[in-house]
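Listed below are the residues making up each chain.
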Amino acid sequence: MRQIPLTLQTLYQDLVQAHLDRPVDDLAGIPHLRKVGGKSWWYATVRGPGGAHKQQFIGPDTPEIAARISAWKSGNNDARTFRQHAAEKSRALRAARMPALDMRTGKTLRALAQAGTFRLGGVLVGTHAFRLYDLELGVSVSAGAAAITADIDVAAFEKLSLAINDHADPELPEVLDGLGLKPVEGLDRGKPVRWRQPGSDFVIDFLSPSFGQSEGPQKLEAFGLWAQGLHFLNFLIRDPIPAVALYREGVLLQIPSPERYAVHKLIVASRRRGPGRAKAAKDLLQARLMIEALNETRPGDISAAFKEARKEGPAWRDAIDSSLSRSPEIARLLKRG
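Scope of this entry: the structure provided in the associated data block. Here the structure is a predicted model, which means the values were calculated and not measured. Counting starts from 1 at the beginning of each chain's written sequence and moves along it residue by residue. In view of the model being predicted, local features appear only for residues whose pLDDT reaches at least 70, and side-chain atom pairs are presented and counted only at 80 or more, with totals across whole chains, interfaces and linings using the full set of residues. For the side-chain quantities, the full set of heavy atoms in the structure was used; hydrogens and water were omitted.

1. A closer look at the environment of Trp41
Part 1 of the reasoning: Going along the chain from the N terminus, every DSSP run of H or I of four or more residues is numbered as a helix, and every run of E of two or more is numbered as a strand. Tracing the backbone through its elements, the reader meets Trp41 in strand 2 (residues 39-47).
Part 2 of the reasoning: Summary of the burial criterion: residues with accessible area below 20% of their type's maximum are buried, those above 50% are exposed, and those between are partly exposed, where the area comes from a 1.4 Å probe applied to protein chains only. Trp41 sits in the buried class, given a relative accessible area of 8%.
Part 3 of the reasoning: Residues Trp41 and Ile58 lie 17 residues apart in sequence; the distance between their C-alpha atoms is 7.5 Å.
Part 4 of the reasoning: Residues are treated as being in contact if the distance between any of their heavy atoms lies within 4.5 Å. Discounting chain neighbours no more than four positions away, the residues touching Trp41 are His32, Leu33, Arg34, Val36, Phe57, Gly59, Pro60, Asp61, Leu160 and Ile164.

Written out as structure tokens, the structure reads:
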């Protein structure tokens, strides 16, 4: 597995930090804490259209968010300077042939980010997230068939969407329509969870963890659209990490932690049914590559995530064991880690 030079890893981490340190646009007051549902969340007062003020959600009350807010207060980084420096870093990483977005995907993710999708709890999952682990882990995992996709998958918790009392601006159906994407009606009429660019294979799926018997559509109020409920998804998108996708000055978003992504792929591979079964081989390939990389860079993390998933219950253990029986090599990697 090819190591990525430390200079490129450092450059990427600098790019991520630059995006995290970028102040909220049109800040009209000091960021403040609000209690919502028994939890503390950071908000900022920003100037909306016509000069009206509104409350913009920043994130949960964590040391990382508090440090970002402290940097905003003490910094003097204007938007033009940020874009110039971030664009230089992004351009250097692309020149070094680090995984980057094509124009269509980059334009789409940038529009979603600008509307607040990832600030409001959205997490990029699937193969586009997989492609971002190279620079996160410092090794090249996203090569060949494992990294090919035409789909964008975005997941979010339904309850978080209700709790934060903030909304994408504009709401995502308007953003998607502006990008030429149209809703694909499924079995639940009027509750589309998939958007497609007509005449192409370019698709965006919205997902949300399901905790009940059914896996039907769930409304993500903060986004103004519906998402497909899926079992086991809560494990994947719990405690996401920041990442920057390489397009223009970079697109700040959230992806699952790499160890959760690897273990979740073992679960997903065993649940493929019908035409989707063809994707199980890709799931197992991504899981193997991630576990191999994590064994070298973060062995404690993959071990902890694997144990956590197995403690969730018999359905979880059965799903994992089914995939391990199909891939003894992955079982050996986990045992070694």
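2. Here's the deal with the nonpolar core
Part 1 of the reasoning: Residue types Ala, Val, Leu, Ile, Met, Phe, Trp, Tyr and Cys, when buried and joined through side-chain atoms within 4.5 Å, form a set referred to as a nonpolar core. Counting residues in hydrophobic clusters, the biggest one holds 93 residues, and the most contacted among them are Leu109, Leu124, Leu172, Phe206, Leu253, Ile255 and Leu266.
Part 2 of the reasoning: With eight residues, the single largest contributor to this core is helix 11 (residues 280-297).
Part 3 of the reasoning: Not counting the four nearest positions on each side in its chain, Leu266 is found in contact with Leu284, Ala287, Ile291, Ala319, Ile320, Ser323, Leu324, Ile330 and Leu334.
Part 4 of the reasoning: Formed by seven residues, the second largest nonpolar core is a distinct cluster that contains Trp42, Ala44, Val46 and Ile69.

3. Quick look at the packing of aromatic side chains
Part 1 of the reasoning: By convention, a stacked pair of Phe, Tyr or Trp rings (six-membered ring in the case of Trp) has centres within 6.5 Å and planes under 30 degrees apart, an edge-to-face pair has planes over 60 apart, and any other such pair is tilted. All chains considered together, the criterion is met by six aromatic pairs.
Part 2 of the reasoning: Centroid distance Trp41 to Phe57: 5.6 Å. Interplanar angle 55°. Geometry classified as tilted. Placement of the pair is Trp41 in strand 2 and Phe57 in strand 3 (residues 53-60), with a sequence separation of 16 residues. Pair check on accessibility: Trp41 and Phe57 agree, each one buried.
Part 3 of the reasoning: Measuring from centroid to centroid gives 6.1 Å for Phe130 and Tyr261, while their planes differ by 25°, and the two rings are stacked. Of the two residues, Phe130 sits in helix 5 (residues 127-130) while Tyr261 sits in helix 10 (residues 258-271), which places them 131 residues apart along the sequence.
Part 4 of the reasoning: Taken together, the ring pairs in this structure connect Trp41, Tyr43 and Phe57 into an aromatic cluster.
Part 5 of the reasoning: Whether a charge lies above a ring is judged from NZ of Lys or CZ of Arg, which has to be within 6 Å of the ring centre and within 35 degrees of the ring normal. When the ring centre of Phe235 is taken as origin, the NZ or CZ atom of Arg260, which lies over that ring, is 4.8 Å away.

4. Focus on the pairing of strand 12 (residues 251-255)
Note on strand geometry: in a regular strand, side chains alternate between the two faces of the sheet.
Part 1 of the reasoning: Side chains Val251, Leu253 and Ile255 of strand 12 all project onto a buried face; the interleaved residues Leu252 and Gln254 project onto a face where none is buried.
Part 2 of the reasoning: Here the rule is simple: two strands pair whenever DSSP picks up at least two bridges between them. When strand 11 (residues 241-245) meets strand 12, the two strands line up antiparallel, connected through five bridges. Within strand 12, the residue paired with Val244 across the bridge is Leu252.
Part 3 of the reasoning: Hairpin connection, strand 11 to strand 12: the antiparallel pair is bridged by five residues, and Arg248 has positive phi, about 55°.

5. Topic: helix 12 (residues 299-310)
Helical periodicity: at 3.6 residues per turn, an α-helix aligns residues three or four positions apart in one direction.
Part 1 of the reasoning: Between the first and last residue of a helix there are one fewer steps than residues, each counted as 1.5 Å, and that sum is the expected span. In this model, helix 12 (twelve residues) spans 17 Å end to end at C-alpha, consistent with the 16 Å of a helix rising 1.5 Å per residue.
Part 2 of the reasoning: Those residues of helix 12 not exposed but buried are Ile302, Ala305, Phe306 and Ala309. The arc that holds the buried residues of helix 12, viewed along the axis, is 100°, so those residues lie on one side. For helix 12, the exposed residues set more than 90 degrees away from the buried face come down to Gly300 and Lys307.
Part 3 of the reasoning: On its buried face, helix 12 is in contact with helix 9 (233-237), helix 10, helix 11, helix 13 (314-326) and helix 14 (328-336). This arc describes the spread of directions from the helix axis toward the C-beta atoms.

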